[in-house]
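# Observations on the model geometry
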Amino acid sequence: MINDNCIFCKIANGVISSNTLYEDEDFRVILDLGPATKGHALILPKEHAANLYEISDDIASKTMLLAKKMAAIMTDRLDCDGFNLVQNNGEAAGQTVMHFHMHLIPRYKDDGQNILWVPSKPSQEELEDIKNKIIK
Ligand code: AMP
Ligand code: ZN
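On a predicted model such as this, the values are computed, not experimentally measured, just so you know.

The subject of this paragraph is a negative patch on the surface. A contiguous patch of negative charge, built from Glu125, Glu126, Glu128 and Asp129, is present on the exposed surface. Mapped onto the elements of the fold, Glu128 is located in helix H3 (residues 124-135).

Structure follows, in structure tokens:
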């Protein structure tokens, strides 16, 4: 299903034009208009789902396969030094467009980006508390 109010539905389904790198029956891969680095792209499923919690298992597995293929091609063509896959869910996690997407971010030595987090230092007790919450 396409959501009429969703810009990524419109882009994924060709209603709004984009710099398309790849397209098949389930996905369109486009260049991000506000790229973190040269070549930053987005995998957009054609069917609307807001986030990871809403996508089907089929789209979830196909997204990762496509990310793997795109990373290989882009690394070869762009001669980048590394690659980040980033996928945000919810405002608290930095999601700004509420249509599931996977960021493909080529990384270059000294590209000036900082996509990593600041590590914290939990005690073993805190780690066990969290572990028990997750696996209970
Ligand atoms: P997120 O913060 O994970 O929701 O990422 C949304 C991404 O979509 C950002 O990197 C934006 O630069 C990008 N973006 C927003 N609108 C467009 C658009 N019309 N075409 C291409 N990229 C877009
Ligand atoms: Zn959508």
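Resuming the write-up.
This part takes up the pairing of strand S1 (residues 20-23). Judged from the 3 bridges that link them, S1 and strand S2 (residues 27-31) form a sheet pairing that is antiparallel. When the bridges of S2 are listed, Thr20 appears paired with Ile30. Connecting S1 to the antiparallel partner S2 that follows it, the hairpin turn spans 3 residues.

Let's shift gears to the site of ligand 1. The environment of ligand 1 is formed by 16 residues, the closest being Asp32, Gly94, Thr96, His101 and His103. Here Asp32 contributes a side-chain N or O atom positioned 2.5 Å from an oxygen atom of ligand 1. Within the contact set of ligand 1, a nitrogen atom lies 3.2 Å away from a backbone nitrogen or oxygen of Leu33. Coverage of ligand 1 by the protein chains reaches 80% of its 510 Å² of free accessible surface. Contributing elements (two or more residues each) for the shell around ligand 1: helix H1 (7-12) and S2. The leading source of residues in the shell around ligand 1 is H1, at 3 residues. Residue composition of the shell around ligand 1, grouped by class: 8 nonpolar, 7 polar and 1 charged.

This brings us to H3. Between the first and last C-alpha of H3 there are 16 Å, a value that for 12 residues agrees with the 16 Å anticipated at 1.5 Å per step. Of all 12 residues in H3, 0 are buried; the element is thus mostly exposed.

Turning our attention to the coordination of the zinc ion (ligand 2). Taken together, the protein donors to the zinc ion (ligand 2) comprise Cys6 (SG), Cys9 (SG), His48 (ND1) and His99 (ND1), at separations of 2.0 to 2.3 Å. Coordination at the zinc ion (ligand 2) is tetrahedral, judged from the 4 donor atoms that bind it and the angles of 104 to 116 degrees they form at the metal. Binding-site remark: the zinc ion (ligand 2) is held by donors from one chain whose sequence spacing is C-x2-C-x38-H-x50-H. Within this pair, whereas Cys9 is found in helix H1, its partner His99 is found in the loop between strand S4 (82-86) and strand S5 (102-107), the two being separated by 90 residues in sequence. Of the two residues, Cys9 and His99, neither departs from the other in class, the shared state being buried.

A separate point is the environment of Asp57. The topology assignment puts Asp57 in helix H2 (residues 57-78). We classify Asp57 as exposed; its relative accessible area is 70%. With 14 residues separating them along the chain, Asp57 and Ala71 place their C-alpha atoms 21 Å apart.

The rules behind each value
Residues numbered from 1 in each chain as written. Chains lettered and ligands numbered in written order. Predicted model: local features only at pLDDT ≥ 70, side-chain atom pairs only at ≥ 80, totals over all residues. Heavy atoms only, no water. Patch = residues over 30% accessible without salt bridge, like charges linked within 9 Å, V, L, I, M, F, W, Y side chains within 5 Å. Areas by Shrake-Rupley, 256 points an atom, 1.4 Å probe, with all protein chains shown as cover. Salt bridge = Lys/Arg side-chain N within 4 Å of Asp/Glu carboxyl O. Lys, Arg positive; Asp, Glu negative; His and termini not counted. Charge placed at Lys NZ, Arg CZ, Asp CG, Glu CD. Helix = DSSP H or I, 4+ residues; strand = E, 2+ residues; numbered from the N terminus. Pairing = 2+ DSSP bridges. Near = heavy atom within 4 Å. Polar contact = N/O pair within 3.5 Å; in protein donor to acceptor, adjacent residues only side chain to side chain. Nonpolar A, V, L, I, M, F, W, Y, C, P; charged D, E, K, R; others polar. Expected span 1.5 Å × (residues − 1). Buried < 20%, exposed > 50% of the residue type's maximum accessible area, 1.4 Å probe, protein only. Donors = N, O, S within 2.8 Å, 3.2 Å for Na, K, Ca; no water. Tetrahedral: all angles 85-135°; square planar, octahedral: opposite > 155°, others 65-115°.

Any functional reading would require information that these geometric values do not contain.
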